[in-house]
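Architecture and fold: a report
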Amino acid sequence: MDHDLPTPAHDHRHPDVAEAVAGELRLLEPAVRASRTLAAELLDPAFVEVGASGRRWTLAEMLAALPDMTGSTDDDPRYEPGPLTAVLLAPGLVHLTYETLHDGRHAHRSSLWRRDPGAAPDAPLRMYYHQATPVPESVA
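Reference entry: report on the structure contained in this document.

Reading the values: rules and limits
- Residues numbered from 1 in each chain as written.
- Predicted model: local features only at pLDDT ≥ 70, side-chain atom pairs only at ≥ 80, totals over all residues.
- Heavy atoms only, no water.
- Helix = DSSP H or I, 4+ residues; strand = E, 2+ residues; numbered from the N terminus.
- Buried < 20%, exposed > 50% of the residue type's maximum accessible area, 1.4 Å probe, protein only.
- Core = buried A, V, L, I, M, F, W, Y, C linked by side-chain atoms within 4.5 Å.
- Polar contact = N/O pair within 3.5 Å; in protein donor to acceptor, adjacent residues only side chain to side chain.
- Phe/Tyr/Trp six-rings, centres within 6.5 Å; stacked < 30°, edge-to-face > 60°.
- Lys NZ or Arg CZ within 6 Å of the ring centre and 35° of its normal.
- Salt bridge = Lys/Arg side-chain N within 4 Å of Asp/Glu carboxyl O.

Turning next to the environment of Asp68. Here Asp68 is to be found in the loop between helix H4 (59-65) and strand S3 (80-81). Accessibility expressed as a relative area gives 68% for Asp68, which makes it exposed. For the pair Asp68 and Glu80, spaced 12 residues apart in sequence, the C-alpha separation works out to 19 Å.

Printed below as a string of structure tokens:
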């Protein structure tokens, strides 16, 4: 059966996609992870994460814990992202997927970046949802 479905935008040149990719990469930087202020600029007020551990994090919980998490200092192991796939789901809504290597462990990652629906069209995108799924060593 042939369906004429729209093709998602994987073009990193689209402004919303470029903004989401840049924000995602900034959140992996030790200086941003160590700063509640910088991290808060990139996370949506309704932010939720399901971490690789399976723990569910709210915005307040993440901002409180992030500076003390691994990857938040220049001496910690860095999160090394693989190629990102980006899909523009709608104006102001971007889905990113990629894999990271951190301290010898691989994880599949998925993020939704959105512009607050009540905000101006030029308001920044913020990470609304993030999930990390560990990749078993036998698969990595």
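Right, let's get into the nonpolar core. Counting 25 residues, the largest nonpolar core has Leu27, Leu43, Val94, Leu96 and Trp113 as its most contacted members. Contributions of two or more residues to this core are made by helix H1 (15-26), helix H3 (36-42), strand S1 (43-50), H4, strand S4 (85-90) and strand S5 (93-102).

Within the secondary structure, Ser111 is located in strand S6 (residues 105-114). A residue is classified by how much of its surface remains accessible, and Ser111, at 0% relative accessible area, is buried. Looking at Ser111, its side chain comes within polar contact range of the side chain of His130, at 2.6 Å.

In the structure shown here, the tally under the stated rule is 0 aromatic pairs. Of note, Arg55 hangs over the ring of Trp57, and the distance from its end group to the ring centre comes to 3.7 Å.

A few words now on the pattern of salt bridges. Taken as a whole and judged by the stated rule, the model has 3 salt bridges. Between Arg115 and Glu19 there is a salt bridge, and its shortest N-O distance comes to 3.9 Å. Residue Arg115 is found in the loop between S6 and strand S7 (126-134), and its partner Glu19 is found in helix H1; the two are separated by 96 residues along the sequence. Owing to a relative accessible area of 15%, Arg115 belongs among the buried residues under this scheme. Classification of Glu19 as partly exposed rests on a relative accessible area of 29%. Among the salt bridges present, the one from Asp44 reaches Arg114, with a minimum N-O distance of 3.0 Å. A residue pair is termed long-range when its members are at least 10 positions apart, and Asp44 in strand S1 and Arg114 in strand S6 qualify at 70 residues. Since its relative accessible area comes to 2%, Asp44 is described here as buried. The structure contains a network of salt bridges with shared partners spanning Asp16, Glu19 and Arg115.

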